[in-house]
Amino acid sequence: MDYSLAPKILPGLPGVGPHPRQFSATGLGMHSEGLVVEFGSTESWCWIGNFQPGMTNFSAVYADVESLEANVFAGGQGYRVNVETGELLAEFGGDIESVVEIPNGEALLLCSPTDFELHRRAGGVIWRSRRVSWDGFRNLSVHGNELKGEAWMFDDTWHPFTVVLESGVVEGGSYYEVRQE
């Protein structure tokens, strides 16, 4: 992929040109303005995508250079698309609050208010952690092969945790399931 053709978030829907391609995980809002992204920048191939948002304020685009795929996050809703054809390859999330690019560049760590998912840049979930928090994280950072941070508990306290990036195994956190015997 030519980096000059990297996807670009636009300030709004263009007033002229072809109609944008509509993306919605729920089928609602198909003609409301969402996150507007331009793919390509040459006349030989260029298209605009209008991605309907999920439930958060997080929006970003992460393109995979080798596969010609992009992960678009519109208000926490994830869409994986082919950047040349505009084909929708997958929908995921809805409540994604942030994404951490894993240093090797091959994966994205998706952070929801309660857990984490590691996705390949070009397709699919590698793992999903157990629930780690009641509702929120802070001080997230990657140290080698681990994600460290603090998870919120309903009594307004913060509890440290570590997630092993290779496996998704979690140590610590604020959420513990009560088992009934």
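The present account deals with the structure reproduced in this document.

Conventions and cut-offs
Residues numbered from 1 in each chain as written. Predicted model: local features only at pLDDT ≥ 70, side-chain atom pairs only at ≥ 80, totals over all residues. Heavy atoms only, no water. Pairing = 2+ DSSP bridges. Helix = DSSP H or I, 4+ residues; strand = E, 2+ residues; numbered from the N terminus. Axes fitted to C-alpha atoms, helices over the stretch in contact; angles between N-to-C directions. Contact = heavy atoms within 4.5 Å. Phe/Tyr/Trp six-rings, centres within 6.5 Å; stacked < 30°, edge-to-face > 60°. Lys NZ or Arg CZ within 6 Å of the ring centre and 35° of its normal. Buried < 20%, exposed > 50% of the residue type's maximum accessible area, 1.4 Å probe, protein only. Salt bridge = Lys/Arg side-chain N within 4 Å of Asp/Glu carboxyl O.

### Concerning the sheet that holds strand E14 (residues 146-153)
- With antiparallel pairing, four strands are arranged side by side in an open sheet as E13-E14-E15-E16. Only two strands of the sheet have a single partner each, and these edge strands are strand E13 (137-143) and strand E16 (170-172). Going across the sheet, the axis of each strand differs from the next one's by a mean of 20 degrees, ignoring polarity.
- Taken together, the eight bridges between E14 and strand E15 (residues 157-164) define a ladder with antiparallel strand orientation. Looking at the pairing, Glu 146 lines up with Val 164 of E15.

### Thoughts on the environment of Met 55
- Along the polypeptide, Met 55 turns up in the loop between strand E4 (45-51) and strand E5 (60-64).
- Residues Met 55 and Glu 146 lie 91 residues apart in sequence; the distance between their C-alpha atoms is 27 Å.
- With sequence-adjacent residues up to four places away left out, Met 55 is seen in contact with Gly 75, Gly 94 and Asp 95.

### Observations regarding the packing of aromatic side chains
- Under the criterion given, the structure shown has 14 aromatic pairs.
- Three or more aromatic residues joined by ring pairs form one cluster here, namely Phe 23, Phe 39, Trp 47, Phe 51 and Tyr 79.
- Sitting above the plane of the Trp 47 ring, Arg 21 keeps its charged end 4.9 Å from the centroid.
- If you follow Arg 131 out to its NZ or CZ, it ends over the ring of Tyr 175, 4.4 Å from the centre.

### Section: the pairing of strand E6 (residues 69-74)
- For E6, a buried count of six out of six residues is recorded, marking the element as mostly surrounded by other parts of the structure.
- Here five bridges tie E5 to E6, and the two strands are oriented antiparallel to one another. Bridge pairing links Val 61 to Val 72 in E6.
- Connecting E5 to the antiparallel partner E6 that follows it, the hairpin turn spans four residues, and Leu 68 within it adopts a positive phi of roughly 60 degrees.
- For E6 and strand E7 (residues 77-82), the ladder comprises six bridges, and the chain directions are antiparallel. Looking across to E7, one finds that Phe 73 is bridged to Gly 78.
- The loop that links E6 with its antiparallel partner E7 comprises two residues; one of these, Gly 75, has a positive phi angle of about 55 degrees.

### Quick look at unusual backbone geometry
- The phi dihedral of Leu 68 falls on the positive side, at around 60 degrees, and the residue is not glycine.
- Here Leu 68 lies in the loop between E5 and E6.
- Here Leu 68 falls in the partly exposed class, since its relative accessible area comes to 21%.

### Digging into the pattern of salt bridges
- Within this structure, the stated rule accounts for seven salt bridges.
- Of the charged contacts in the structure, one is a salt bridge between Lys 148 and Glu 146, with a shortest N-O distance of 3.4 Å.
- Connected through salt bridges with shared partners, the residues Asp 115, Glu 117 and Arg 128 form a single ionic network.

Keep in mind these numbers describe shape, not what the thing actually does.
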